[in-house]
Structures are given as structure tokens and as C-alpha cells.
Amino acid sequence: QSNTVACFHVPERIDGTRLIRRLYEKHRTVIAGARNRLQGKMIRIGTMGAIAEGDILTDLMHLEDVLAELGHSVEKGAAMVAPFS
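Here the structure is a predicted model, which means the values were calculated and not measured. (Residues numbered from 1 in each chain as written. Predicted model: local features only at pLDDT ≥ 70, side-chain atom pairs only at ≥ 80, totals over all residues. Heavy atoms only, no water.)

Asker: Outline the overall build of the chain, supporting the account with residue identities and numerical values.
Answerer: Regarding its fold elements, the chain presents three helices and three strands. Listing the helices and strands of the chain from first to last along the sequence gives β-α-β-β-α-α. Relative to the 2.2 N^0.38 estimate, which gives 12 Å for 85 residues, the radius of gyration of the chain is 12 Å and therefore close to what a compact globule would have. Overall size of the chain, expressed as C-alpha extent along the three principal axes, is 30 × 30 × 25 Å. Buried residues in the chain amount to 27% of all 85 residues. In the chain, 57% of the contacts between residues at least 6 apart in sequence involve partners at least 24 apart. The chain carries 11 positive and 10 negative side-chain charges, and their two centres are separated by 9 Å. (Helix = DSSP H or I, 4+ residues; strand = E, 2+ residues; numbered from the N terminus. Rg over C-alpha atoms; globule rule 2.2 N^0.38 Å. Buried < 20%, exposed > 50% of the residue type's maximum accessible area, 1.4 Å probe, protein only. Contact = heavy atoms within 4.5 Å. Lys, Arg positive; Asp, Glu negative; His and termini not counted. Charge placed at Lys NZ, Arg CZ, Asp CG, Glu CD.)

Put into C-alpha cells, the structure is as follows:
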């Protein structure tokens, strides 16, 4: 475990590798995938260095956008509300 990275499961019908590629192509958002048996099933967002709350919220907003684009049912704005619930 590490407090410098947050890991998330990718929804079953979404290819995590494609998700990562599309995040970069569309938003220039850089996140990482997993290796080995978890490749395509998990994503990782780095949280070390000079990162503010707005940076993470922006990543989550971009993630929400691309998940919806790839066909996952996403409640618009959920990424913005979750950290404050």
C-alpha cells in the first residue's frame, strides 16, 4: 500500500488500457494502469508531489467524461460532489 497513489477498479465492460489512452488523447491527463494479471482492470492516479485538491478533482472530472464516452453509465457531476459528501 502507498499513500502516493490511488488505485481503482475499472468497470467490467471497460478496457482500462483504452481508458488510459483516451484520457491522455482527449484531456492530456496522465494516469497509469496496472501490470501483469491486473492489466486493463485497474488504474492508478499518482498523488505525490505538488498536487492540490483541484488537480485530483480535474482528474476525476476527466475520468467521468471518458468513462461516459466509452459507454459506462455515469452520473454527470458525481466526481465533483463525492469528495465533499
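Still to come is the rest of the account.
Asker: So what about the packing of aromatic side chains? Which residues, and what values?
Answerer: All told, the structure shown has zero aromatic pairs when counted by the stated rule. In this arrangement the basic side chain of Arg28 is found over the ring face of Tyr24, its NZ or CZ atom lying 4.6 Å from the centre. (Phe/Tyr/Trp six-rings, centres within 6.5 Å; stacked < 30°, edge-to-face > 60°. Lys NZ or Arg CZ within 6 Å of the ring centre and 35° of its normal.)

Asker: Run through the packing of helix H1 (residues 16–27) against helix H2 (residues 53–69), naming residues and quoting values.
Answerer: Where H1 meets H2, the axes come as close as 10 Å, and the angle between the chain directions of the two elements is 115°. What the angle tells us is that H1 and H2 run roughly perpendicular. The way H1 lies across H2 gives a crossing that is right-handed. On H2, the residues that touch Leu19, Arg22, Leu23, Lys26 and His27 of H1 are His62, Leu63, Asp65, Val66, Leu67 and Glu69. Class assignment of the residues belonging to the contact of H1 with H2 gives a composition of five nonpolar, two polar and four charged. (Axes fitted to C-alpha atoms, helices over the stretch in contact; angles between N-to-C directions. Parallel < 35°, antiparallel > 145°, perpendicular 65-115°, else oblique. Left-handed = near helix turned anticlockwise from the far one by under 90°. Nonpolar A, V, L, I, M, F, W, Y, C, P; charged D, E, K, R; others polar.)

Asker: If you had to explain the sheet that holds strand S3 (residues 42–46) to someone new, which residues and values would you point to?
Answerer: Read from one edge of the open sheet, three strands run S1-S3-S2, paired in antiparallel fashion. The outermost strands of the open sheet, each flanked by one partner alone, are strand S1 (5–9) and strand S2 (32–33). (Pairing = 2+ DSSP bridges.)

In short, the description is geometric, and any link to function would need to be established separately.
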